[in-house]
Amino acid sequence: MDYEVIIIGGGPAGIFAALTLADLGVKRVLLVEQGKDLPQRDHQNPEERLCGWGGAGAYSDGKLTISTEVGGVLTEFMEEKDLLQLLEVTDGIYADHGAPDRVFGEYTPQLEDLADRARLADLELIPDRIRHMGTDNCLSILGRFRESLAGRVDMATETTAQDLITEGGSIRGVKLSDGRTVSANFIVAAPGRSGARWMKEQADQLKLTTRATSVDIGVRVELPAPVLKEITDTTYESKLIYYSKTFDEKVRTFCMNPYGEVVTEENAGIITVNGHSYARKKSDNTNFAILVSSAFTEPFDDPIAYGRSVAQLANLLGGGVIVQRLGDLLAGRRSTAKRIARGLTRPTLPEATPGDLSFVFPYRHLLSIIEMLQALEKLAPGTCSRHTLLYGVEVKFYSNRIELSRDLETQVRNLFAIGDGAGITRGLLQASASGIIAARAIAGRITGN
Ligand SMILES: Cc1cc2nc3c(=O)[nH]c(=O)nc-3n(C[C@H](O)[C@H](O)[C@H](O)COP(=O)(O)OP(=O)(O)OC[C@H]3O[C@@H](n4cnc5c(N)ncnc54)[C@H](O)[C@@H]3O)c2cc1C
């Protein structure tokens, strides 16, 4: 065998698998990443935001959510208390590599008071313990991971894994885009959301059992930071859940960025919106997403195609991301550059096209979003201001779930699938933890422990 272990994907899941294998003394490990190496990545280029050494996490806001409930479904593979312990260990590794000491969201009387008032507004507040790295710190922390791996793990960047090769029900190797076919005893597939399509193709070829999950569709809301200051000072990131009046549909806030910026992101040719905040650089605004989750049964069961179609409509009408003032949306008219300029919320994504989101969203999504904003107004007056900006479309695609054992091994022996690409995680900490789970299992098999 050319290698003992090949890891496909240099995101948090792949990196933590590599770090764990190296720390457990496993030699001859290759990490393959289709995008550029960390120092060469250009975050201005939307195509490079999700791909490259460091994965989608590199330019992420770097919020490490220390929660078994958020960012993945690893509780399906281990006891909750064991997972919490593993997440603490994983978080500790980030801290050892330079993540700031402060953890937000620890219990306080203010938090309890906020949760009580949320209940009066028909909202459920789910506080999470969060360590915030900030997009600027993320890069230096990833740089330290890379230094720690240098010399212990071989790394091939700008190299795509094309086809997985099996023999007699076991993994044997992988064909790479540089023409090489490399053999290995173990393969860990960690291709992230950007590699979800590739993962699905491979799963189909290898006849692995998979199932579709859901898609979250919504808007990125931007408003002056003082409107949400009490919430963001108390919890840093509040997850608020609401069941919409008309459709009784679960709507939630996601990824709150105090003093942050709204950004675009490209996903296989579609421009969508996202947000982040820096640890040092501050804007005057806070942004967060309001997402509505949709799952389908039959005859249609392709949530990714559905989410892409909605986002495509915004791209068709606006050439990318559309921005609209809430006041314009409620008055049934489009936003124009002049109206946005007159608004009191200054957009941090000036290149978004002023337009009309009611041409983009299905009725149930738009109504659920408006109803949630109205509920939020009761908790944080000012949320429903006419000047509040809504950017669309924000979409969270989740990869197909691949059937996995407790070690995160697929039905092909010695082929492991981890992270967002396997459909089992949705955030940095659980993705990283999934890398540790698979690597520990592999190291155990190699050493016979
Ligand atoms: C803008 C943004 C902000 C975010 N903010 C947060 C946050 O604050 N907190 C949080 O917890 N999460 C956040 N996330 C989510 C988080 O980044 C992901 O959950 C996490 O990166 C998943 O890790 P992963 O290793 O599974 O996949 P990824 O990070 O997507 O990495 C997968 C890597 O595999 C590579 N790859 C794919 N296919 C192949 C192939 N065939 N061959 C070789 N390489 C391949 C890709 O290029 C990619 O680099 C954010 C995401 C985005 C996009």
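Residues numbered from 1 in each chain as written. Predicted model: local features only at pLDDT ≥ 70, side-chain atom pairs only at ≥ 80, totals over all residues.

**Thoughts on the sheet that holds strand β4 (residues 103–104)**
Phase 1: In space, the three strands of this open sheet follow the order β3-β6-β4, with antiparallel pairing throughout. Each end of this open sheet is capped by a strand with a single partner; those strands are β3 (63–65) and β4.
Phase 2: As paired strands, β4 and strand β6 (residues 130–132) are joined by two bridges and run antiparallel to one another. Bridge pairing in β6 places Val103 opposite Arg131. (Pairing = 2+ DSSP bridges. Helix = DSSP H or I, 4+ residues; strand = E, 2+ residues; numbered from the N terminus.)

**Some words on the environment of Tyr94**
Phase 1: Position of Tyr94 relative to the elements: it lies in helix α3 (residues 80–96).
Phase 2: Here the alpha-carbon distance between Tyr94 and Cys138, two residues 44 residues apart in the chain, equals 9.7 Å.
Phase 3: If near-sequence neighbours (up to four positions away) are discounted, Tyr94 is found in contact with Leu64, Ala99, Arg131 and Ile141. (Contact = placed C-beta atoms within 7 Å.)

**Considering the site of the ligand**
Phase 1: Neighbouring the ligand are 45 residues; Gly11, Gly55, Gly192, Gly195 and Gly419 lie closest to it.
Phase 2: Tallied by class, residues from the shell around the ligand come to 15 nonpolar, 23 polar and seven charged.
Phase 3: Counting contributing residues per domain, the shell around the ligand is built from domain 1 (3–105 + 130–211 + 400–447) and domain 2 (215–397), each supplying no fewer than three. (Near = placed C-beta within 6 Å. Nonpolar A, V, L, I, M, F, W, Y, C, P; charged D, E, K, R; others polar. Domains from an automatic or database assignment.)

**A few points about the domain arrangement of the protein chain**
Phase 1: Here the protein chain is partitioned into domain 1 (3–105 + 130–211 + 400–447) and domain 2 (215–397).
Phase 2: Distance between the C-alpha centres of domain 1 and domain 2: 29 Å.
Phase 3: Contacts between the two partners involve 19 residues from domain 1, matched on the other side by 16 residues from domain 2.
Phase 4: Of all the secondary structure elements, the ones that give two or more residues to the side of domain 1 that touches domain 2 are α2 (46–49), β6 and α5 (135–149).
Phase 5: Tallied by class, the residues present in the side of domain 1 that touches domain 2 amount to seven nonpolar, six polar and six charged.

**Side note on the sheet that holds strand β13 (residues 238–243)**
The pairing of strands in a sheet comes from backbone hydrogen bonds and takes either a parallel or an antiparallel form.
Phase 1: Reading across from one edge, β5-β13-β14-β17-β12-β20-β18-β19 is the order of the eight strands in this open sheet, with mixed pairing throughout. On the outer flanks of this sheet lie β5 (124–127) and β19 (353–354), each paired with one strand and no other.
Phase 2: Bridge count between strand β14 (residues 250–257) and strand β17 (residues 285–294): five bridges; the pairing is antiparallel. Across the sheet, Asn257 pairs through a bridge with Asn287, a residue of β17.
Phase 3: Strands in contact with helix α8 (residues 303–318) are β12 (215–224), β17, β18 (322–325), β19 and β20 (389–397); relative to β20, the strand with the most contacts, it is inclined by about 150 degrees. (Axes fitted to C-alpha atoms, helices over the stretch in contact; angles between N-to-C directions.)

**Quick notes on the pairing of β13**
Phase 1: Here β5 runs beside β13; their pairing, made up of four bridges, is antiparallel. From the neighbouring strand, Ile126 faces β13, where its bridge partner is Lys239.
Phase 2: Bridge count for β13 against β14 is three bridges, and the pairing is antiparallel. Paired with Tyr242 across the bridge in β14 is Val251.
Phase 3: Counting the residues that bridge the hairpin from β13 to β14 gives six residues, and of these Asp248 lies at a positive phi of roughly 50 degrees.

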